[in-house]
Amino acid sequence: MSDAVAGGSGADGRVVAPDRLVEIVAESVADVVRAEVRAVRGQLVGALRPAGVGFVLLGTAGACAVLGVGAASTTVLRMLESFLPKKLAAAGMTAGYLAAAAVLGRLGLNQLHAAGGGSARLADRVDEAVAETASRVLPAGATAGRRSPR
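Keep in mind that what you see is a predicted model, and the values were worked out from it rather than measured.

A. Structural detail: the overall build of the protein chain. In terms of helices and strands, the protein chain carries three helices and zero strands. In sequence order, the secondary structure elements of the protein chain are arranged as α-α-α. Per-residue burial over the protein chain gives 8% buried out of 150 residues. Of the contacts formed within the protein chain by residues at least 6 apart in sequence, a portion of 7% connects residues at least 24 apart.

Right, here's the structure in full:
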């Protein structure tokens, strides 16, 4: 704003046209906004770098946990196979996992229903999706079970 001062006159005392004065003010405001955006962007990047590393570490920890659960599952399966036929041990593990998933899923949906609002609507949609999927999967499974050689 060195070209103009309040009142519409320039630094050398000349009168500046109103449209030029508006242009000068707009340029100055735009420069200030750009500088602020750069400053905020720098602060965000500075704050997100450690957070990004934290998210990567948490993701890696989650992957390790999944691998650990898989290894534990394999260990339990091998133990069951030591005194049960392999197919029965695998079927038992599968049934156990499916039962746990059903119970935990139902508990989670009950919590969503209890929360109300959008959570309850989401729970209703999940219930509908599960019912629809089950209505297609169960007949297909029964048909496949009848066809499988024993």
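B. Highlighting helix α2 (residues 86–115). When the terminal C-alpha atoms of α2 are compared, their 43 Å separation across 30 residues agrees well with the 44 Å that a helix rising 1.5 Å per residue should span. Within α2, burial applies to Ala89, Met93 and Leu109. Two residues or fewer past α2, glycine 116 is found with a positive phi of approximately 75°.

C. The arrangement of the pattern of salt bridges in detail. Across all of its chains, the model carries three salt bridges by this definition. With a closest N to O distance of 3.4 Å, arginine 78 and glutamate 81 form a salt bridge. In this pair, arginine 78 and glutamate 81 both sit in helix α1 (residues 18–81), three residues apart, roughly one turn of the helix. One salt bridge connects aspartate 127 with arginine 106, and the closest N-O pair in it is separated by 3.1 Å. Here the residue aspartate 127 occupies a position in helix α3 (residues 117–147), and arginine 106 occupies one in helix α2, the gap between them amounting to 21 residues.

D. Layout of a nonpolar patch on the surface. There is a patch of nonpolar side chains on the surface, built from Val25, Val29, Val33 and Val37 and spanning about 290 Å² of accessible area. With respect to the element layout, valine 29 can be found in helix α1.

Cut-off values and rules
- Residues numbered from 1 in each chain as written.
- Predicted model: local features only at pLDDT ≥ 70, side-chain atom pairs only at ≥ 80, totals over all residues.
- Heavy atoms only, no water.
- Helix = DSSP H or I, 4+ residues; strand = E, 2+ residues; numbered from the N terminus.
- Buried < 20%, exposed > 50% of the residue type's maximum accessible area, 1.4 Å probe, protein only.
- Contact = heavy atoms within 4.5 Å.
- Expected span 1.5 Å × (residues − 1).
- Salt bridge = Lys/Arg side-chain N within 4 Å of Asp/Glu carboxyl O.
- Patch = residues over 30% accessible without salt bridge, like charges linked within 9 Å, V, L, I, M, F, W, Y side chains within 5 Å.
- Areas by Shrake-Rupley, 256 points an atom, 1.4 Å probe, with all protein chains shown as cover.

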